[in-house]
Amino acid sequence: MRDLRPPEIVWELDKYIVGQHEAKRSVAIALRNRWRRQQVPEHLRDEIAPKNIIMIGPTGVGKTEIARRLAKLANSPFLKIEASRFTEVGYVGRDVESMVRDLTELAVNMVRAEEQETVMVRAREMAEEKALDILLPAARGQQPVEEGEFGSAHGAEERGPSTREKFRQLLREGRLNDRYVDLEVTDRSHPMIEVFTSAGMEEMDVNLREMLSNLMPRRTKRRKVKVPEALEILAQEESQRLIDMDRVVKLAIERIEHSGIIFLDEIDKIASRETTHGPDVSREGVQRDLLPIVEGCTVHTKYGMVKTDHILFIASGAFHMSKPSDLIPELQGRFPIRVELSPLSKDDFVRILTEPENALTTQYRELMATEGIALVFEADSIDELAQIAYEVNARTENIGARRLHTVIEKLLEEISFNASQLAGQGITITRDYVRERLRDIVKDVDLSRYIL
Ligand SMILES: Nc1ncnc2c1ncn2[C@@H]1O[C@H](COP(=O)(O)OP(=O)(O)OP(=O)(O)O)[C@@H](O)[C@H]1O
Ligand SMILES: [Mg+2]
């Protein structure tokens, strides 16, 4: 794990997220705090409570985005989950431990993908050999004479390495790409097995399902595929064989325990202490269930035990109806870092449209480039777009930067639709064009409710 220092983290986040400086600082501190806590002598480590963070702010201002980018930076397994989805243990629904199981699943996939990448070179080499094994006996039919043993690599070898090397050459040059070969492939599609178990027993469900599908005979079938596809299939199979799953699981669990991040969205929805009426699940109950996980406990997953002591929790919510102080005291104590995100201004919109590495205007420029169109946004067209997005937010509902997506999509609708006819052209978006396309809609509040 890279031990990023807070200023570096903020600097990296700046590449993608406009403004929200306080929030960036706070998540950077939270991340660093976890690292610090891992460094202190063991006897003290347990005394130090985890320093998680609550981000407070209206919708669409970058809360999730900040957390997601942070996780990416730290190469951390990252799970986003709505706190309101959980129910108290014993009730129908998801128990809080399931988030650790989900995170484990995610981390295993993440590590497996990385491992696959590292073994891929070797797997491709092996796939090439296998492909040659398959190709050579087939090639014999087209060559004159020669009788005897068929099929084996050994047989191919006997005809002299030169034939094999010639084929290798052809294969690498792609000159065999139009040939078909017979391939034995394992049928991946599992027969559908649905297992119904009582609530809260997801784990058993998973195990049962796996057990049953292992009981089923593994089916293989022969397929005729073209050489490039065969190479791909063979390489995949070889790479699966080369990956040491025990190692993957071990690494994955280590990674969660050291650097996992869980993003608890809508924490405000469970922040209330008053006892609820009716069939509602007690929110306080959910908070109590959350507590051990946030404080550090061991969760049983199908990959083994996972300790949650050093998982970083980032909670987030709008907190319109409730306040962080409505959380139970113990939980408040585990989320000592609080930060408020500010609503986005028109100027923020201008910057969001242009500055981030994944800026919307860049995205659309690239999308249009695939059609052979050179799309250019004039500066004052961006200004107008931002202004419109801001106005619509103010007049209808403030959905933050998400408004920019709908506005720009509407703006470019015509061009998007006719793109194939416009290929080879340069298109410049001017302020007038923006006005012409959008002003009427903006003026009509009802209309903009539906369209923008
Ligand atoms: N400050 C910002 N800079 C750049 N992009 C932003 C910013 N704020 C929001 N966005 C963009 O707006 C979209 C929504 O942002 P995000 O998912 O972070 O919202 P949120 O604050 O989590 O809202 P919610 O409370 O509804 O979950 C994303 O595509 C994100 O890239
Ligand atoms: Mg969000």
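Definitions and limits used
Residues numbered from 1 in each chain as written. Chains lettered and ligands numbered in written order. Predicted model: local features only at pLDDT ≥ 70, side-chain atom pairs only at ≥ 80, totals over all residues. Helix = DSSP H or I, 4+ residues; strand = E, 2+ residues; numbered from the N terminus. Buried ≥ 20, exposed ≤ 12 C-beta atoms within 10 Å, placed from the backbone. Contact = placed C-beta atoms within 7 Å. Core = buried A, V, L, I, M, F, W, Y, C linked by C-beta atoms within 7 Å. Axes fitted to C-alpha atoms, helices over the stretch in contact; angles between N-to-C directions. Parallel < 35°, antiparallel > 145°, perpendicular 65-115°, else oblique. Left-handed = near helix turned anticlockwise from the far one by under 90°. Nonpolar A, V, L, I, M, F, W, Y, C, P; charged D, E, K, R; others polar. Pairing = 2+ DSSP bridges. Expected span 1.5 Å × (residues − 1). Arc of directions from axis to C-beta. pLDDT = per-residue confidence, 0-100.

## A closer look at the overall build of the protein
Here is step 1 of the chain: Broken down by element type, the protein carries 19 helices and eleven strands.
Here is step 2 of the chain: Across the 452 residues in the protein, those meeting the buried criterion constitute 30%.
Here is step 3 of the chain: Sequence-distant contacts, at least 24 apart, represent 80% of the contacts inside the protein between residues at least 6 apart.

## Section: the nonpolar core
Here is step 1 of the chain: Formed by 82 residues in total, the largest nonpolar core has its most connected members in Val27, Leu70, Ile314 and Leu385.
Here is step 2 of the chain: For this core, the leading source of residues is helix 15 (residues 379-395), giving seven residues.
Here is step 3 of the chain: Not counting the four nearest positions on each side in its chain, isoleucine 314 is found in contact with Val27, Asn52, Ile53, Met55, Ala67, Ile261, Phe263 and Leu264.
Here is step 4 of the chain: Formed by 13 residues, the second largest nonpolar core is a distinct cluster that contains Leu135, Leu176, Leu234 and Ala235.

## Notes on unusual backbone geometry
Here is step 1 of the chain: We note that glutamine 20 has phi near 50 degrees; this positive angle belongs to a residue other than glycine.
Here is step 2 of the chain: Position of glutamine 20 relative to the elements: it lies in the loop between helix 1 (6-13) and helix 2 (21-39).
Here is step 3 of the chain: A count of 25 C-beta atoms within 10 Å places glutamine 20 in the buried class.
Here is step 4 of the chain: Phi at phenylalanine 319 is positive, roughly 50 degrees, even though this residue is not glycine.
Here is step 5 of the chain: The residue phenylalanine 319 is located in the loop between strand 8 (312-317) and helix 12 (329-334) in this model.

## Here's the deal with the packing of helix 1 against helix 4 (residues 63-73)
Here is step 1 of the chain: At a minimum axis separation of 10 Å, helix 1 and helix 4 run at an interaxial angle of 120 degrees. Between helix 1 and helix 4, the crossing angle belongs to the class labelled oblique. Handedness of the helix 1/helix 4 crossing: right-handed. Here Ile9, Glu12 and Leu13 of helix 1 lie close against helix 4, whose contacting residues are Ile66, Arg69, Leu70 and Leu73.
Here is step 2 of the chain: Partitioning the contact of helix 1 with helix 4 into residue classes produces five nonpolar, no polar and two charged.

## Observations regarding the environment of leucine 13
Here is step 1 of the chain: With respect to the helices and strands, leucine 13 occurs in helix 1.
Here is step 2 of the chain: Among residues more than four places away in sequence, those in contact with leucine 13 are Lys24, Ile66, Arg69 and Leu70.

## Overview of the pairing of strand 1 (residues 53-56)
Here is step 1 of the chain: Judged from the four bridges that link them, strand 1 and strand 8 form a sheet pairing that is parallel. Note that in strand 8 the partner of isoleucine 54 across the bridge is alanine 315.
Here is step 2 of the chain: Two elements, strand 1 and strand 9 (residues 337-340), share four bridges in a ladder whose sense is parallel. Across the sheet, methionine 55 pairs through a bridge with valine 339, a residue of strand 9.

## Let's talk about the sheet that holds strand 8
Here is step 1 of the chain: Ordered in space as 2-5-8-1-9, the five strands form an open sheet in which the pairing is parallel. This sheet does not close on itself; its edge strands, each paired only once, are strand 2 (78-82) and strand 9. Pairwise comparison of adjacent strand axes, ignoring direction, gives a mean angle of 20 degrees for this sheet.
Here is step 2 of the chain: Seen against the sheet, helix 2 touches strand 1, strand 8 and strand 9 and runs at an angle of roughly 160 degrees to strand 9.

## Quick word on the packing of helix 2 against helix 4
Here is step 1 of the chain: One way to put it is that helix 2 packs onto helix 4 with a least axis distance of 11 Å and a crossing angle of 40 degrees. Here helix 2 is positioned oblique relative to helix 4, judged by the angle of their axes. The handedness of the crossing between helix 2 and helix 4 comes out as right-handed. Contacts from Ala23, Lys24, Val27 and Leu31 in helix 2 reach Ile66, Ala67 and Leu70 in helix 4.
Here is step 2 of the chain: In the contact of helix 2 with helix 4, the residues fall into six nonpolar, no polar and one charged.

## Details of helix 15
Here is step 1 of the chain: Given a rise of 1.5 Å per residue, 17 residues ought to cover 24 Å, and the 25 Å separating the end C-alpha atoms of helix 15 matches this to within 8%.
Here is step 2 of the chain: Turning to helix 15, its buried residues number three or more, namely Ser381, Ile382, Glu384, Leu385, Ala386, Ile388, Ala389, Tyr390, Val392 and Asn393.

## A few points about helix 9 (residues 227-242)
Here is step 1 of the chain: Relative to the 22 Å expected for 16 residues at 1.5 Å per residue, helix 9 spans 22 Å between its end C-alpha atoms, a close match to the ideal helical length.
Here is step 2 of the chain: Within helix 9 the residues assigned to the buried category are Val227, Ala230, Leu231, Leu234, Ala235, Glu238 and Ser239. Taken end-on, helix 9 shows its buried residues confined to a sector of 160 degrees, consistent with a single buried face.

## Observations concerning the confidence of the model for the protein
Close reading of the predicted structure is inappropriate where its pLDDT is low.
Here is step 1 of the chain: Averaged over all residues, the pLDDT of the protein equals 84, while 84% of them reach at least 70.
Here is step 2 of the chain: Segment residues 143-153 is flagged for pLDDT under 50; beyond a separation of four residues in sequence, or across chains, it makes six contacts in the model.

## Here we look at the environment of isoleucine 388
Here is step 1 of the chain: For isoleucine 388, the position within the fold is in helix 15.
Here is step 2 of the chain: In this structure, the C-alpha to C-alpha distance between isoleucine 388 and arginine 439, residues 51 residues apart in sequence, is 8.1 Å.
Here is step 3 of the chain: Those residues within four positions of isoleucine 388 in sequence are excluded, and the remaining contacts are Val407, Leu438 and Val442.

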